[in-house]
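Okay, here's what each chain looks like letter by letter:
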Amino acid sequence: IVIVVLLACFFCSAQCDSSKEREQKLIAFTNWLDDNNFVRNFDLVALPGQGFGGIASREITPSEILLSVPMSKMVFGGDHKTVNGWNDWSGTVSADPLMLWVLRERINENCDWKPYLDMLPSNFDEHLLMWKEEDFKYASKTGLRDNQKKTLDALRTSYDHLLGTLLVEQPDLFPEGYFTWDRYVWSFLVVSTRSWRINERDNDMALVPLADMLNHAPDAGQGGVNDGKFIINCTRSYSVGDQVYDSYGPKTNFELLSSYGFILEENPHNGAIIELSFNTETNLVHKIVEPILASEDPNYRQVTVRLNQIPHQLLRLFRISSLTFSSLDSLSDAIKYQSVSLENERKAFHATLSALKTVLSGYPTEDEDLALLANTELTEKQRSCVLLRLGERRVFENTIDNIQILWRKVLLDGE
């Protein structure tokens, strides 16, 4: 009994210390925000299961500014592409300059961004890159495992390159034993889950303190640069005490889960990816049109179909694949998403429906996945996999319905 009591006391003490330390870091960060002319209409608080988030400190109406960040306190990757004269990046991980900045400055006691860096999460256990084999038990058809492997392979290539170049040329850049694989992956997750692309800086990647602490809602404001500041405007009303949100963009559940580690059961922007290729081995028309299309659209092979949207990219591919020798002069029209002829349109619609139904047949039935979701022994990661493929199934079913409706309009109305 004494041992149990001592362990309980130790655990409570550790929790209290952790809570106290987190509170001190939050106070230091909010002071830093105020000292550096950040504007916000919310308070930062710790939210159960969500890390930090924003809670409205007053009534906020649509179109009001939710937050404003001075550009002088944003951290741009382009400003850190040279490390003491070195810039021989591998090119496989575009976030590398920001990642190295984070790793270097988080151990710099005199860094101007120290209160911000101290607020970064210590781990990303829920992120796809951290998943173990059992987490993928119900990930068939989702592409999650392939995504994890491709990302980790790219990171390993870049990490090994840095070890063999930058760290050889500048062995004192980091303390001995500091630049580990685990820390490198952690820095990637910091940057990839918290950065924005800034159009006003040639699409440069940037960390935006404060803005990166809000959680995602599909209908919230995305934010952008205006008059030398990064601003997120309200798109809805908030009452005092409501959690405030920003938007990470119109992302599918696959994008949300693979990029941030969470999923939305009701996602108005949900979609699914279809991978297609031309038969250039035996079809001479395909052999002719494929390189022309690839030069116009290098990513044509991956098509995303979205909920409640007509799959124009998919229809374009099948218009092109259905061309005959006699209609090759219409290739440029087809590439521009224009119809070629009624016969070509008929073939394209038929091929599109056939492809969608083939993909759909590979998914578990809705009843099977709903039964899995009722299993209380599912882990949260396994549950996310089931929700992901269930959502993708519904996207494909919705797209098939839209294609059939559109074809009827083509026949009846000539639209």
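To be clear, the structure that these remarks concern was listed above.
Residues numbered from 1 in each chain as written. Predicted model: local features only at pLDDT ≥ 70, side-chain atom pairs only at ≥ 80, totals over all residues. Heavy atoms only, no water.

What follows concerns the overall build of the protein. Helix and strand counts for the protein come out as 13 helices and 13 strands. For the protein, the C-alpha atoms occupy an extent of roughly 80 × 55 × 50 Å along the three principal directions. Among the 415 residues that make up the protein, the fraction classed as buried is 46%. When contacts within the protein are restricted to residue pairs at least 6 apart in sequence, those whose partners lie at least 24 apart make up 70%. Carbon and sulfur atoms form 49% of the exposed surface of the protein, whose accessible area is close to 21700 Å². In the protein, which carries 40 positive and 58 negative side-chain charges, the distance between the mean positions of the two groups comes to 3 Å. (Helix = DSSP H or I, 4+ residues; strand = E, 2+ residues; numbered from the N terminus. Buried < 20%, exposed > 50% of the residue type's maximum accessible area, 1.4 Å probe, protein only. Contact = heavy atoms within 4.5 Å. Areas by Shrake-Rupley, 256 points an atom, 1.4 Å probe, with all protein chains shown as cover. Lys, Arg positive; Asp, Glu negative; His and termini not counted. Charge placed at Lys NZ, Arg CZ, Asp CG, Glu CD.)

Here we come to the sheet that holds strand 2 (residues 42–47). Strand order in this open sheet of four strands is 2-3-11-8, and the pairing throughout is mixed. Bordering the open sheet on either side are strand 2 and strand 8 (215–216), each of which pairs with just one other strand. Where strand 8 and strand 11 (residues 243–246) come together, two bridges link them in parallel fashion. Across the sheet, the residue bridging to histidine 216 is aspartate 246, located in strand 11. (Pairing = 2+ DSSP bridges.)

Another aspect to go through is the sheet that holds strand 7 (residues 204–207). Pairing in this open sheet of three strands is antiparallel, and the strands run 5-7-6 from one edge to the other. Of all the strands in the sheet, the pair left with one neighbour each is strand 5 (75–76) and strand 6 (195–198). In terms of strand pairing, strand 5 meets strand 7 through two bridges, oriented antiparallel. Note on strand 7: the bridge partner recorded for valine 75 is leucine 207. Sheet strands touched by helix 2 (residues 96–105): strand 5 and strand 7. Its angle to strand 7, the strand with the most contacts, is close to 25°. Along the sheet, helix 6 (residues 181–194) makes contact with strand 6 and strand 7, crossing strand 6 at roughly 55°. (Axes fitted to C-alpha atoms, helices over the stretch in contact; angles between N-to-C directions.)

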